[in-house]
Amino acid sequence: MTAAQFAHLPLLPPYLEPIHHQFTKGVNFASAGGAVLHQHNNGAMDLPTQVIHFKTVVKTLKQEIGDAEAEKVLSRAVYLFSNGGNDYFSFSTNNRNATPSQQAQFVGMVIGNLTSILKELYGLGVRKIAFQNVGPLGCTPTMKFVLDSPHASECVEPPLALATLHNKALAEALKNLETKLPGFKYSIFDYYHELLDRIKNPSKYGFENGETACCGGGKYRAFYCGGGGSGTHPFDVCKDPNEYVWFDGAHTTEKTNNQLAHLIWSGEPPVTGPYNLQQLFEHA
Ligand SMILES: *[C@@H]1O[C@H](CO)[C@@H](O)[C@H](O)[C@H]1NC(C)=O
């Protein structure tokens, strides 16, 4: 299940799909590797670029259905965000010996940029937003490999520290926006702790392996599921992905995603709050 399916909406078409959609039932701006801050040379559409695309949708929608109707659609819609993971992934790999104050400074930059984007979106008529916070980045098979974890069961600390700082600052920033911006409502799903618990206690959730990926090559099957960019790297695929929390080095299996989607939709605090997705949709 996806959020769209829970909400009885069609699966969201990608913004760049070369077919004309009216987008009144939603649109997906996500981009693989997309970060909050601009990153050179990774070819992804970062969050500011996604906002430019959103502005185009707002303009088109107003032309097609009129200002009043478009404003209704925009303020009733729920906007899903999952941001920061790629920023912290790059920071951790490029700044292996960052001090706590350098970490805090970087998190401040990500949250500062994110907050100004949210204010800008509010100005465009956005009212209901739902975040998945940053996951336990130091426990992805890819991170464990890149940062030389000595053992599959050991997560690497610096990315976990960044994620924890970010998640705390995100919760504060959203709470703050709610007090300042009339009608602004939000949800945060605690992806970090929900995923970490599945990694550490897989059997509690019907998994056998929370440490290595189902698909990939090398240590922890951390990379090259599908053969990598060139398609030529050797890799293995497990027999039953349902036994695994991780499908590849950085992405969870459908079974994991399905469990998490249920919590995003109808989880209660402290897992999902102050609203869950279902409540955001039901709020007029
Ligand atoms: C946004 O990020 C840039 C770096 O990409 C930084 O220089 C700037 O201070 C950040 N803005 C805020 C409001 O934190």
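Going by the annotation in an unreviewed UniProt entry, the name recorded for the chain is SGNH hydrolase-type esterase domain-containing protein, with Carpinus fangiana given as the source organism. Under the Sequence similarities (unreviewed entry) heading, UniProt states for the chain: "Belongs to the 'GDSL' lipolytic enzyme family."

Chemist: I'm lost on the state of the cysteines in this one. Help?
Modeler: Among covalent bonds in proteins, the disulfide is the one between the sulfur atoms of two cysteines. Taken as a whole and assessed by the stated rule, the structure comprises 3 disulfides. Each disulfide pairs two cysteine sulfurs, and for Cys139 the partner residue is Cys155, the sulfurs being separated by 2.2 Å. The sign of the 110 degrees torsion about the S-S bond sets the Cys139-Cys155 disulfide as right-handed. Placement of Cys139 in the loop between strand E2 (128-132) and helix H6 (141-146) and of Cys155 in the loop between H6 and helix H7 (157-180) is noted, with a sequence separation of 16 residues between them. In this model, Cys215 is linked to Cys225 through a disulfide, with the two sulfur atoms separated by 2.0 Å.

Chemist: Would you mind showing me how to read the packing of aromatic side chains here?
Modeler: Given two aromatic rings, one states the distance between the centres and the angle between the planes to describe the pair. Summed over the entire model, instances satisfying the criterion amount to 13 aromatic pairs. With centroids separated by 4.4 Å and ring planes inclined at 15 degrees, the aromatic side chains of Phe91 and Phe106 adopt a geometry described as stacked. Separated by 15 residues along the polypeptide, Phe91 in helix H4 (residues 85-94) and Phe106 in helix H5 (residues 100-123) bring together distant segments of the chain. Taking relative accessible area as the criterion, Phe106 reaches 13% and is therefore assigned buried. Ring centres of Trp265 and Phe281 lie 5.7 Å apart, and the angle between their planes is 45 degrees; on these two criteria the pair is classed as tilted.

Chemist: Can you help me understand the site of the ligand in this one?
Modeler: Every residue near the ligand is listed here: Leu37, Met109, Gly112 and Asn113. One of the side-chain N or O atoms of Asn113 is found 2.3 Å from an oxygen atom in the ligand. Protein chains bury 44% of the 360 Å² of accessible surface belonging to the ligand in isolation. Here the residues of the shell around the ligand sort into 2 nonpolar, 2 polar and no charged.

Chemist: Is there a simple way to think about the pairing of strand E4 (residues 209-213) in this case?
Modeler: One face of the sheet, then the other: side chains in a regular strand alternate in exactly this way. Of all 5 residues in E4, 4 are buried; the element is thus mostly enclosed. Inspection of the sheet shows E4 paired to strand E7 (residues 244-246) by 2 bridges, in the parallel sense. Residue pairing for E7: Asn209 is matched across the bridge by Tyr244.

Chemist: Is there a simple way to explain the packing of helix H2 (residues 47-65) against H5 in this structure?
Modeler: For any two helices packed against each other, the geometry comes down to the angle between their axes and how far apart the axes lie. The interhelical angle for the contact between H2 and H5, taken along N-to-C directions, is 5 degrees, at an axis separation of 11 Å. In terms of orientation, H2 lies roughly parallel with respect to H5. On H5, the residues touching Leu47, Pro48, Val51, Phe54 and Lys55 of H2 are Leu114, Ile117, Glu120 and Leu121. A breakdown of the residues in the contact of H2 with H5 according to their chemical character gives 7 nonpolar, no polar and 2 charged.

Thresholds applied
- Residues numbered from 1 in each chain as written.
- Predicted model: local features only at pLDDT ≥ 70, side-chain atom pairs only at ≥ 80, totals over all residues.
- Heavy atoms only, no water.
- UniProt positions renumbered as here; feature names shortened; annotations may be inferred.
- Disulfide = S-S within 2.5 Å.
- Helix = DSSP H or I, 4+ residues; strand = E, 2+ residues; numbered from the N terminus.
- Phe/Tyr/Trp six-rings, centres within 6.5 Å; stacked < 30°, edge-to-face > 60°.
- Buried < 20%, exposed > 50% of the residue type's maximum accessible area, 1.4 Å probe, protein only.
- Near = heavy atom within 4 Å.
- Polar contact = N/O pair within 3.5 Å; in protein donor to acceptor, adjacent residues only side chain to side chain.
- Areas by Shrake-Rupley, 256 points an atom, 1.4 Å probe, with all protein chains shown as cover.
- Nonpolar A, V, L, I, M, F, W, Y, C, P; charged D, E, K, R; others polar.
- Pairing = 2+ DSSP bridges.
- Axes fitted to C-alpha atoms, helices over the stretch in contact; angles between N-to-C directions.
- Parallel < 35°, antiparallel > 145°, perpendicular 65-115°, else oblique.
- Contact = heavy atoms within 4.5 Å.

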